[in-house]
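# Coordinate analysis (summary)
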Amino acid sequence: MDKIVLSGLLSEEITQKLELSQGFRGKQIFKWIGNGVKSFDDMTNLSLDLRNTLKEKALVRSSTVSNVLKDPDGTIKLQITLFDNNAVETVLLTDKEGRKTACVSCQAGCAMKCAFCMTGTLGLSRNLEAGEIVEQFLYLEEIAGKLDNIVFMGMGEPMQNLEGIRKAIQILCHKDGRALSSKRITLSTCGIIKGIYDLADNGPHIRLAVSLTTANEDLRKEIMPVTSGNSLADLRKAIDYYAEKSGKRVTLEAALLHNKNTDKISADNLINFAKGIDVNINLIPWNPVSILPFTEPTTEEVKHFVGLIEKAGLNVTLRTRRGRKIGGACGQLGVSKKSEN
């Protein structure tokens, strides 16, 4: 791009990139961006001459909201067009207690090809820049006010864009900017072991969720190709390592597919995988995607499976499904180009 995009920069980087003679100006601009300001005209503690100079040299944000979808259950989905005409979706989730969570994307598309996920059908266009991740959060706050949490569970595999995510977290959590607490951040991976160790050793120590879906090696290879290079045995070791190194309980996520991974054997496999490591199990009844060859589990199927996990004495949560009417539920995100809006 011809202009400098500021949403992905820290205050000292803003000062350097814009060649500002006064370092505190970079801090002021950084603070304005964290407060959600999109226009230099609204940065009222900057001189008119500086604001005009900034307009010539820089952009506050590089993406635009191309569509806003609202579900009756309170879920909001934004379709966001990037500067190169790639697009992503980001979702605002509100729980029963009124807590608001941004579910953000880290890639345009995804290369992981999980068989039960709409995003997996798109292929990967590219990683998002840190600023493009930050902008999703800010756009949601613009609509819904201050958010409580951010989860990297949107489009893309976070472990393939870990540096971009690290930078976005650094910006959002900086005390001079948005000042989001790192305790309110969760990253979800399909199980890239190298990335889990990297996050454990080099931080940040945020909450980690692993999309397991099944603890049957053959079935997992069939529906989650990442398994071929990341075996369940090695994945379990990595999860245990992260829990010990970070001091945080890891969440195991399982999308429940009708007659695929909901029987007693599947429950026993999951129980055996989880026992002995510090994890919580998050069960997610599959959300329908018309082009994918799966069926939602029945209520009885889900209830029986949950009961088996609970009987084993494990921590288990059944996730409430939200945003299904706007394609905003887990596994349903699928816009990759502006022309698809």
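Residues numbered from 1 in each chain as written. Predicted model: local features only at pLDDT ≥ 70, side-chain atom pairs only at ≥ 80, totals over all residues. Heavy atoms only, no water.

A cis amide bond links G203 with the next residue in sequence, P204, at an omega value of 0°. Position of P204 among the secondary structure elements: in the loop between α6 (193–202) and β11 (207–211). Phi at K113 is positive, roughly 60°, even though this residue is not glycine. Its location among the elements puts K113 in the loop between β7 (107–110) and β8 (123–127). Even without being a glycine, T213 presents a positive backbone phi close to 70°. With respect to the helices and strands, T213 occurs in the loop between β11 and α7 (217–223). (Helix = DSSP H or I, 4+ residues; strand = E, 2+ residues; numbered from the N terminus.)

The relation between two aromatic rings is expressed through the spacing of the ring centres and the mutual angle of the planes. Overall, the coordinates contain two aromatic pairs when judged by the stated rule. When the ring of Y197 is compared with that of Y241, the centres are 5.0 Å apart and the planes differ by 55°; the resulting orientation is tilted. Pair noted here: Y197 is in helix α6 and Y241 is in helix α8 (residues 232–246), with a separation of 44 residues, a long-range link. Accessibility expressed as a relative area gives 29% for Y197, which makes it partly exposed. When the ring of W286 is compared with that of F294, the centres are 5.9 Å apart and the planes differ by 65°; the resulting orientation is edge-to-face. A residue is classified by how much of its surface remains accessible, and F294, at 16% relative accessible area, is buried. (Phe/Tyr/Trp six-rings, centres within 6.5 Å; stacked < 30°, edge-to-face > 60°. Buried < 20%, exposed > 50% of the residue type's maximum accessible area, 1.4 Å probe, protein only.)

So, about the sheet that holds strand β3 (residues 64–70). One open sheet accounts for ten strands, arranged β3-β4-β5-β6-β9-β10-β11-β12-β13-β14; its pairing is mixed. Of all strands in the sheet, those with a lone pairing partner are β3 and β14 (316–318), marking the two edges. Averaged over all pairs of adjacent strands, the angle between their axes in this sheet comes to 20°, without regard to strand direction. Note that strand β4 (residues 76–81) and strand β5 (residues 87–94) share six bridges and pair antiparallel. Pairing of I80 across the sheet is with V88, part of β5. Strands in contact with helix α4 (residues 130–144) are β3, β4, β5, β6 (100–103) and β9 (149–152); relative to β5, the strand with the most contacts, it is inclined by about 45°. (Pairing = 2+ DSSP bridges. Axes fitted to C-alpha atoms, helices over the stretch in contact; angles between N-to-C directions. Contact = heavy atoms within 4.5 Å.)

As a further point, take the pattern of salt bridges. A full pass over the atoms with the stated rule returns 18 salt bridges. Residues R99 and E97 are paired through a salt bridge, measuring 3.1 Å at the closest nitrogen-oxygen approach. Judged by its relative accessible area of 42%, R99 is partly exposed. Here E97 falls in the exposed class, since its relative accessible area comes to 60%. As a salt-bridge pair, R178 and E141 come within 2.8 Å of each other at their nearest N and O atoms. You can see R178 sitting in the loop between α5 (162–173) and β10 (185–189) and its partner E141 sitting in helix α4, a full 37 residues away along the chain. (Salt bridge = Lys/Arg side-chain N within 4 Å of Asp/Glu carboxyl O.)

Taken by themselves, the reported measurements are silent on function.
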